[in-house]
Amino acid sequence: MDQKGIEKAQQAPFRAPLIIAVVAYCDSQSNVPRWEQLVSAGCAVHAMQMAALAQGFNGIWRTGLWTSQPDVRAAFGCREQDEIVGFLYLGTPQLKASTTLLPPDTDAYVRRF
């Protein structure tokens, strides 16, 4: 990692007043498949982000290289089968959202029966 990357990494924890790290603690003995355990953890992050938005906060769900770094994984007590699903940065929005949002064109993604 170059010096710019190191400086950026050192500032990462100060981007928001609250950062929630979400780890999928995957139980290999469970009847629930591993992929479903991972998706459930992802759904939990999404639900927390939507709850924060409903309360007037803003949030960004970040993943990236930090989720697989051995030192970071060790800091969160990850075992080999566990996954860091991401980091949810929460805080007060600095900018107000535009009130003139146009609905997206969904024709390329939606099929009607």
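Residues numbered from 1 in each chain as written. Predicted model: local features only at pLDDT ≥ 70, side-chain atom pairs only at ≥ 80, totals over all residues. Heavy atoms only, no water.

A. Structural detail: the environment of isoleucine 6. Secondary-structure assignment places isoleucine 6 in helix α1 (residues 3–11). In sequence terms isoleucine 6 and leucine 95 are 89 residues apart; their C-alpha atoms lie 28 Å from each other. (Helix = DSSP H or I, 4+ residues; strand = E, 2+ residues; numbered from the N terminus.)

B. Quick look at the packing of aromatic side chains. What the rule picks out here adds up to 1 aromatic pair. Between the aromatic rings of phenylalanine 76 and phenylalanine 87, the centroid separation amounts to 6.2 Å while the plane-to-plane angle is 50°, which identifies the pairing as tilted. Here phenylalanine 87 lies in strand β3 (residues 83–91) and phenylalanine 76 lies in the loop between α3 (70–75) and β3, a separation of 11 residues in the sequence. For phenylalanine 76, a relative accessible area of 41% corresponds to the partly exposed category. Judged by its relative accessible area of 10%, phenylalanine 87 is buried. (Phe/Tyr/Trp six-rings, centres within 6.5 Å; stacked < 30°, edge-to-face > 60°. Buried < 20%, exposed > 50% of the residue type's maximum accessible area, 1.4 Å probe, protein only.)

C. Quick peek at the environment of cysteine 43. Turning to its location among the elements, cysteine 43 is positioned in helix α2 (residues 34–54). Taking the relative accessible area as the measure of exposure, cysteine 43 reaches 47% and is therefore partly exposed. Separated by 42 residues in the primary sequence, cysteine 43 and valine 85 place their C-alpha atoms 10.0 Å from one another.

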